Amino acid sequence: MSDPIPLTLSVEGMSCASCVGRVDRGLSTLEGVSDVSVNLASESARMQVDSPDRAGEVVAALADLGYPARTGRVTMTVESMSCASCVGRVDRALAAVPGVLEVNVNLAAETATVTYAEGAVTPAQLVATSTQAGYPARLAEATDTEDRSTRKAEEARALSRRMAFAAALALPVFIVEMGGHVFPAFHHWINATIGQQTSWVLQFLLTTLVLAGPGRMFYAKGIPALLKGAPDMNSLVAVGTGAAYMYSVVATFLPGLLPDALRAVYFEAAAVIVVLILLGRFLEARAKGRTGAAIEKLLGLQVKTARVLRGGETVEIPVEELAQGDIVLVRPGERIAVDGEVTEGASRVDESMLTGEPVPAAKAIGDSVTGGTVNGTGSLTVRAGRVGQDTTLAQIIRMVKEAQGAKLPIQGLVDRITLWFVPAVMSVAVLTVLVWLVVGPQPALTMALVAGVSVLIIACPCAMGLATPTSIMVGTGRAAELGVLFRKGDALQALDGVQVVALDKTGTVTEGRPELTDLVLAPGFDRAGVLPVVAAVEAQSEHPIAEAIVRAAQAEGMTLPQIAGFASVTGYGVRAEVEGREVLIGADRLMTREGVDVSALADREAELAETGRTALFAAIGGQVAAVIGVADPVKPASKAAIAALRAKGLTVAMITGDKQATADVIARETGIDHVVAGVLPDGKVAALEALRQGRRVAFVGDGINDAPELAHADVGIAIGTGTDVAIESADVVLMSGDLRGVVNAVEVSTRTMRNIRENLFWAFAYNTALIPVAAGALYPVWGVLLSPMLAAGAMALSSVLVLTNALRLRRVAPAMSERADPARSGAAPVAAPAE
């Protein structure tokens, strides 16, 4: 069986949680489709399919459900096609791309026209697919997909026009009818001039225009859904306003069917309800456009064109046409187009969009640069390394989009409730009408109608559907601005419940660049004879300690001898043969295993460990030759960050391969609560499990050597290097290089989950409290019966409040500013890694 293929589609027409539930159920029942996640806020559906062919079936199913997927059409000019076989290969290559719905390759015109599902694939990816198949392509004509904020802005403008038109028609109806109730004299004046019947006929005409014009959308979507047995929010509005309208029509034109006591019209309720709901949707569209502001900012960092050297000349080309190895010229003040390496020039580059650090980084020949960062005053020539979708910025955007589209575990409760919510509300409305008809005071039918319509209108589940996804979108977007990338959306919720934060030492708490501080020699050995031999062996290792020893020997101008038989003994050290003598370098456990007596230097090794050095033995020819002390300084921000984590009530632990005495020095200097020392690389997962003890554990590592621990922890947090963001084992990736990012990640998670709970509380409390009020629960006590117009206003307000509350997350301040000069730990250099 082939691996599942991820597929993301943009879906139109979803307006409430019931819509989400129907799309989710409809797609989940399709053969070959799994892990469906539908998001109302981003208007998308993510799933896994067993083959690319399923995309067409999914799109067809969405159309049948009444929620069509957005599709695009692009025409490419394809080179190198010479026969029907070429056409077939291009056709098959493009058709195999998930999200491609239809391919038409024309040999005579040398074009390929592709219909695709928006959100699943882009024109640039289609061009790359054809090129990779051996047939270079370029865009000849493409329908540019509008970005979400633009689309939402246009939707808001359209809704505002509808709302204004509906309001202009509904205002006279509202004034005439409600004015008469508030001011009896006004009512008498209307009757004395145009008469009640004429007034009602005019209200009928105006309300009909409202319902048939701006309000038609509710009936066009709601009635078919109702007839299919799958009512949604539009169904509630259609039934509620339709009931008020039809009752009023009967009272106006067929008065004989109603007793005089029941003759009343509710045209103003039907008209004003439409206006208020359109107002709510207008405000929602505006707010939804702002939920994607972070993505828009990231997209704004992408460069459109680049100046490259081609044939000895400088030409400006679209970034989509850049290839690995291209030489890109970057002028002062320009954004760098690609990830690459500086080949000429020197400058300072503002990398704050990645690291948050305000001080530009110096760049010279051989240094790496990242696409989207801003060049300073110097000119640079850059050899393109990663281009297109492989750039760091593209990866960040992809991560944020995936996180924003995630469904958190807390959403499961909402989905289970909203699955039956609308049918339950309609049942409550029917029951409300029946109860009023049986036990209500006169005019019972009128009171029953008012109560039933109010229940239908006030119970719209929009707020419940928006409560979680809007907070996720805004929260993860804000996190990205703070340099925190949630690779997996559920990590946003999981991190909020973490009680223990376990830290890797090297490169996480410490700088990860140790230096040789001590070389204590055994009797009969000298520095000139030992250091070059040790450095020659360590030159074959990639361990940070090895690099420190080699740097020290090179700094002293020593010539390294030839070695043979190098071998690394994981968790112990290394061995090799130099000039006919066996050389061992490692911890005391290696010497013990190999039978080397280290008693002559044991005391000095213990002293070095107590002062925070990592102490290693070197044995030459079976005799201990030296004890080596290496120190790795604590990162300046570590102490303050650890204090901030403890202030949040978290237990902070450190896992290291160093000796207990060495690790304790670091713990004392940084304020770490618990130390697990002397751990071999394959024992770190067990150490994590020992720390768990029924608690949720987050592990923080550098993402390079810590994959098992990152995967095993409840939340794996990888400290990135500013460019290494594609760390598959981690749930969260930090763009900054220190622990301040962990504090900010916890802060964003806590604030976002609190925001989600506030939204859900409001959404559920609103319905729980106001549905009984709408049904008339307060009438027997206080004589209060909720007007359908007030119900519509409350319903619109509930969604707007949820969205507004979610948008507050855009103002989340970093718990520890990357821009502030961190509190210095004041620690002496501490032990280098023994991991």
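Residues numbered from 1 in each chain as written. Predicted model: local features only at pLDDT ≥ 70, side-chain atom pairs only at ≥ 80, totals over all residues. Heavy atoms only, no water.

For the protein, an unreviewed UniProt entry supplies the name Copper-transporting P-type ATPase and the organism Tropicibacter naphthalenivorans. Regarding the protein, the relevant UniProt record gives this comment under Sequence similarities (unreviewed entry): "Belongs to the cation transport ATPase (P-type) (TC 3.A.3) family. Type IB subfamily." (UniProt positions renumbered as here; feature names shortened; annotations may be inferred.)

Engineer: It is not clear to me how the pairing of strand E4 (residues 71-78) should be interpreted in this structure. Could you clarify?
Structural biologist: Two faces belong to every sheet, and in a regular strand the side chains alternate between them. In terms of burial, E4 is largely enclosed, as 6 of its 8 residues are buried. Both E4 and strand E6 (residues 111-117) contribute to a ladder of 7 bridges, which runs antiparallel. When the sheet's bridge partners are listed, Val-74 is paired in E6 with Val-114. (Buried < 20%, exposed > 50% of the residue type's maximum accessible area, 1.4 Å probe, protein only. Helix = DSSP H or I, 4+ residues; strand = E, 2+ residues; numbered from the N terminus. Pairing = 2+ DSSP bridges.)

Engineer: Explain the nonpolar core here, please?
Structural biologist: When a protein is soluble and globular, its nonpolar side chains tend to lie buried together. If you look at the biggest cluster of nonpolar residues, it comprises 137 residues, and the most contacted ones within it are Met-47 and Phe-486. Per element, the largest residue contribution to this core is 14 residues, and it comes from helix H27 (residues 740-775). If sequence neighbours within four positions are ignored, Phe-486 has contacts with Met-399, Ala-403, Thr-476, Ala-479, Ala-491, Leu-492, Leu-495, Asp-731, Val-732, Ala-745 and Val-748. In terms of nonpolar packing, the next biggest core, distinct from the first, is built from 26 residues, Leu-393, Ala-653, Val-679 and Met-735 among them. (Core = buried A, V, L, I, M, F, W, Y, C linked by side-chain atoms within 4.5 Å. Contact = heavy atoms within 4.5 Å.)

Engineer: Any chance you could explain a nonpolar patch on the surface here in plain terms?
Structural biologist: Side chains of Val-430, Leu-431, Leu-434, Val-435, Leu-437, Val-438, Val-439 and Leu-445 sit close together on the surface and give an oily, nonpolar patch of about 730 Å² of accessible area. Residue contributions to the nonpolar patch peak at 7 residues, all from helix H14 (residues 410-439). Examined against the element boundaries, Leu-431 turns out to sit in helix H14. (Patch = residues over 30% accessible without salt bridge, like charges linked within 9 Å, V, L, I, M, F, W, Y side chains within 5 Å. Areas by Shrake-Rupley, 256 points an atom, 1.4 Å probe, with all protein chains shown as cover. Salt bridge = Lys/Arg side-chain N within 4 Å of Asp/Glu carboxyl O.)

Engineer: What's the story with the packing of helix H23 (residues 638-647) against H27 in this structure? I'm lost.
Structural biologist: Viewed as axis vectors pointing N to C, H23 and H27 meet at an angle of 25°, and their least axial separation amounts to 8 Å. Taken together, the axes of H23 and H27 lie roughly parallel to each other. Once H23 is placed against H27, the crossing between them reads as left-handed. Of the residues in H27, those touching H23 at Ala-641, Ala-644 and Leu-645 are Arg-740, Val-742, Val-743 and Val-746. Among the residues making up the contact of H23 with H27, the classes are represented as 6 nonpolar, no polar and 1 charged. (Axes fitted to C-alpha atoms, helices over the stretch in contact; angles between N-to-C directions. Parallel < 35°, antiparallel > 145°, perpendicular 65-115°, else oblique. Left-handed = near helix turned anticlockwise from the far one by under 90°. Nonpolar A, V, L, I, M, F, W, Y, C, P; charged D, E, K, R; others polar.)

Engineer: Explain the UniProt feature "transmembrane region" (unreviewed entry) in the protein to me, please; I cannot follow it from the model alone.
Structural biologist: Look at the UniProt record and you will see "transmembrane region" (unreviewed entry) annotated at residues 164-186, 198-215, 236-258, 264-283, 417-439, 445-468, 760-779 and 785-807. Annotated as 83% helix and 0% strand, the span residues 198-215 places its first and last C-alpha atoms 24 Å apart. Span residues 760-779 is 85% helix and 0% strand, its end C-alpha atoms 28 Å apart.

Engineer: Can you walk me through the confidence of the model for the protein in this structure?
Structural biologist: For any part of a model where pLDDT is low, the fine detail of the predicted coordinates should not be relied upon. Across the protein, pLDDT averages 82, with 88% of residues at or above 70. Note on residues 141-146: pLDDT is under 50 here. Beyond four places in sequence and across chains, it has 11 contacts. Counting contacts from residues 819-835, a segment whose pLDDT is below 50, to residues more than four positions away or on other chains yields 71 contacts. (pLDDT = per-residue confidence, 0-100.)

Engineer: Even after reading the chapter, I still don't get the pattern of salt bridges, so can you show me in this structure?
Structural biologist: If the charged atoms of two oppositely charged side chains come close together, the side chains can form a pair. Considering all chains together, one arrives at 25 salt bridges under this definition. Between Arg-70 and Glu-12 there is a salt bridge; the shortest N-O distance is 3.5 Å. With Arg-70 in the loop between helix H2 (54-65) and E4 and Glu-12 in the loop between strand E1 (5-10) and helix H1 (17-28), the pair connects residues that are 58 residues apart, well separated along the chain. By relative accessible area, Glu-12 is classed as partly exposed at 34%. What you see here is one network of salt bridges that share partners, running through Arg-575, Glu-582, Arg-593 and Glu-594.

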